[in-house]
Amino acid sequence: MRMLLRGAAALAAVVTVASLTSGASAQPRTGGAVEGAGTARTSAAAQIPPGVTAGVAVFDRRTGTFTEQVDASKQFRSASVVKLLLVLDFLWDRGPDYTVPPADRARLEPMLRGSDDDAANHYWSTYGGSAIIDRMTAEPALGLRDTAPPPPGYEGFWGYTAISARDTVAIYRYILEKAPAPVRDFVMDNLRRSTRCSATDHFDQHFGIAGSFDRPWAVKQGWSGKYAKGTCGPQTSSSGAQGGEPAAPAPRAAAAVDLTRPALHTTGTVGADDRTIVAVLTLHQVGTSYGKAYTDIGRLTRSLNVPGGARPAGTWFGTWGDFVNVRRGPATGADRMTQLPAGVEVLVGCQTRGEVVDVPPYTNEWWAYLPQYGGYISNIYISSPDNRLPNVPECG
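The rules behind each value
- Residues numbered from 1 in each chain as written.
- Predicted model: local features only at pLDDT ≥ 70, side-chain atom pairs only at ≥ 80, totals over all residues.
- Heavy atoms only, no water.
- Helix = DSSP H or I, 4+ residues; strand = E, 2+ residues; numbered from the N terminus.
- Buried < 20%, exposed > 50% of the residue type's maximum accessible area, 1.4 Å probe, protein only.
- pLDDT = per-residue confidence, 0-100.
- Contact = heavy atoms within 4.5 Å.
- Polar contact = N/O pair within 3.5 Å; in protein donor to acceptor, adjacent residues only side chain to side chain.
- Axes fitted to C-alpha atoms, helices over the stretch in contact; angles between N-to-C directions.
- Parallel < 35°, antiparallel > 145°, perpendicular 65-115°, else oblique.
- Left-handed = near helix turned anticlockwise from the far one by under 90°.
- Nonpolar A, V, L, I, M, F, W, Y, C, P; charged D, E, K, R; others polar.
- Phe/Tyr/Trp six-rings, centres within 6.5 Å; stacked < 30°, edge-to-face > 60°.
- Lys NZ or Arg CZ within 6 Å of the ring centre and 35° of its normal.

Chemist: Even after reading the chapter, I still don't get unusual backbone geometry, so can you show me in this structure?
Modeler: Trans is the common state for peptide bonds, and a negative phi is the common state for residues other than glycine. Along the chain, arginine 215 connects to proline 216 via a cis peptide bond; the corresponding omega equals 15 degrees. Residue placement: proline 216 occurs in the loop between α8 (209-212) and β6 (217-224). Of note, the bond from proline 360 into proline 361 is cis; its omega dihedral lies within 30 degrees of zero at 10 degrees. With respect to the element layout, proline 361 can be found in the loop between β13 (350-359) and β14 (362-370). We note that aspartate 93 has phi near 60 degrees; this positive angle belongs to a residue other than glycine. Relative to the helices and strands, aspartate 93 is located in the loop between α2 (83-91) and α3 (102-113). For aspartate 273, which is not glycine, the phi torsion reads 60 degrees and is therefore positive. With relative accessibility at 71%, the residue aspartate 273 sits in the exposed group.

Chemist: What am I meant to see in the environment of serine 383 here?
Modeler: Structurally, serine 383 can be placed in the segment after β15 (375-378). Here the alpha-carbon distance between serine 383 and tryptophan 320, two residues 63 residues apart in the chain, equals 6.6 Å.

Chemist: Mind showing me how you'd approach the confidence of the model for the protein chain here?
Modeler: Low-confidence regions, as indicated by low pLDDT, have predicted coordinates that should not be scrutinised in detail. With 84% of its residues at a pLDDT of 70 or more, the protein chain has an overall mean of 87. Ignoring residues within four places in sequence, the model shows residues 1-40, a span with pLDDT below 50, making 104 contacts including any to other chains. For residues 237-244, every residue scores under 50 in pLDDT, and the model assigns this stretch 34 contacts once sequence neighbours within four places are set aside.

Chemist: I keep staring at the side chain of threonine 231 and nothing clicks. Help me out?
Modeler: Here threonine 231 lies in the loop between β6 and β7 (263-270). For threonine 231, a relative accessible area of 8% puts it in the buried group. Separated by 3.1 Å, the side chain of threonine 231 and the backbone oxygen of glutamine 339 make a polar contact.

Chemist: Help me out: how do you make sense of the packing of α2 against helix α7 (residues 181-192) in this one?
Modeler: A pair of packed helices is captured by two measures, namely the crossing angle of their axes and the spacing between those axes. As a packed pair, α2 and α7 sit with axes 11 Å apart at the nearest point and diverge in direction by 150 degrees. In terms of axis orientation, α2 runs roughly antiparallel to α7. Once α2 is placed against α7, the crossing between them reads as right-handed. Across from Leu84, Val87, Leu88 and Leu91 in α2, the residues of α7 making contact are Val183, Phe186, Val187 and Leu191. Partitioning the contact of α2 with α7 into residue classes produces eight nonpolar, no polar and no charged.

Chemist: Would you mind showing me how to read the packing of aromatic side chains here?
Modeler: The geometry of an aromatic ring pair is captured by two quantities: the separation of the ring centres and the angle between the planes. Counted under the stated rule, the structure contains 17 aromatic pairs. Here phenylalanine 90 and tyrosine 123 contribute two aromatic rings whose centre-to-centre distance is 5.3 Å and whose plane-to-plane angle is 65 degrees, an arrangement assigned as edge-to-face. Of this pair, phenylalanine 90 sits in helix α2 while tyrosine 123 sits in helix α4 (residues 117-126), placing them 33 residues apart in sequence. Judged by relative accessible area, tyrosine 123 falls into the buried class, the value being 1%. Between phenylalanine 207 and tryptophan 223, the aromatic rings sit 6.3 Å apart at their centres with planes inclined by 80 degrees, giving edge-to-face as the arrangement. With a gap of 16 residues between them, phenylalanine 207 in the loop between α7 and α8 and tryptophan 223 in strand β6 connect regions that are remote in the sequence. Following the ring pairs from residue to residue traces out a cluster consisting of Phe203, Phe207, Trp223, Tyr227, Tyr290 and Tyr294. Lying across the ring of tyrosine 373, arginine 196 places its NZ or CZ 3.9 Å from the centre.

Chemist: What's the story with the packing of α2 against helix α6 (residues 165-177) in this structure? I'm lost.
Modeler: At their nearest, the axes of α2 and α6 sit 11 Å apart, and the two run at 40 degrees to each other. The handedness of the crossing between α2 and α6 is left-handed. Residues Leu84, Leu85 and Leu88 of α2 form the contact with α6, whose own contacting residues are Ile171, Tyr172, Tyr174 and Ile175. Its residues assigned to classes, the contact of α2 with α6 shows seven nonpolar, no polar and no charged.

Chemist: Looking at this structure, how should I read the side chain of arginine 77?
Modeler: Structurally, the position occupied by arginine 77 is in strand β4 (residues 76-77). The class for arginine 77 is buried, based on a relative accessible area of 1%. Among the polar contacts listed, one links the side chain of arginine 77 to the backbone oxygen of arginine 261, at a separation of 2.8 Å.

Set out below in structure tokens:
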């Protein structure tokens, strides 16, 4: 029947300095909920920034319990998180010896690693669109309860598929615990190789899980909405909206799921042996910049109790300015590695003297090393009253 169906079908305000160091959120907490417990409760640990709507589920596979749940059954538009289902649908019932053809590998790998939208468009149109979601929700092995196809009138927009935090956990549990080994290995190996820059619209996608924990982690991120511009990569990037966005925002009354507010989601696993599954789905106020949404979901994710997660060393600071360059050395002539989302919060590992930078009326010779980027930015763009950042060591 699945084959017959297939044949028929033939994710700039100044951000203040963060007083929270990387280890401050790593203290153990008690009071995790067992699977199936009331998912609408608000966790005492999760710190949801003002103006943010969140659905959170954190599942410890070692103990078989949820350590965090905040509105875990609430439906959000999936944005690129639905690409997990597109891959599973394509690989379903292929047999234990199935080898992904080169043409499909060339699409699936960038779709999982870099969130490539063209690949998602291909699988959505080729294999039946909303029928893909119908097939996946009908699979008992997945056990999806809140997932639904895009609403009427938006069938072509795969990013409008409805999903919840608890269903996202269920998808990862299927991949890790029930899927054939070749499927598990293919999906997870690619998620572990997530690229910082998205393939289609050049947004920095190492927010949330990827920014809150040291490796090992594996992530599938999602964003959808009117974010101004993707700046990730060594070259200036063009703008674009991801996640199957229509040309104009959908009216709020078009569906039970909010299709209007900008969405930013971080999902995946953290720790050795993919110990903990993390799903953080968020909506932000209309007009929120990508840098602020990036910062807010980072703060929320860092506040969570994630067993097995190792916090990166350093101190978090806000930044200001548009298109701030991250360079390989502490000089404006050093190679540009990428540009920061406007106003984003960054982890600073150490600081060093370098080329003097002038942004009238300010002058600064200090540069901050960002370990998660492997590069430097001038301290002049960090939201701190002093040229030399407080409580940050000099680089060795």
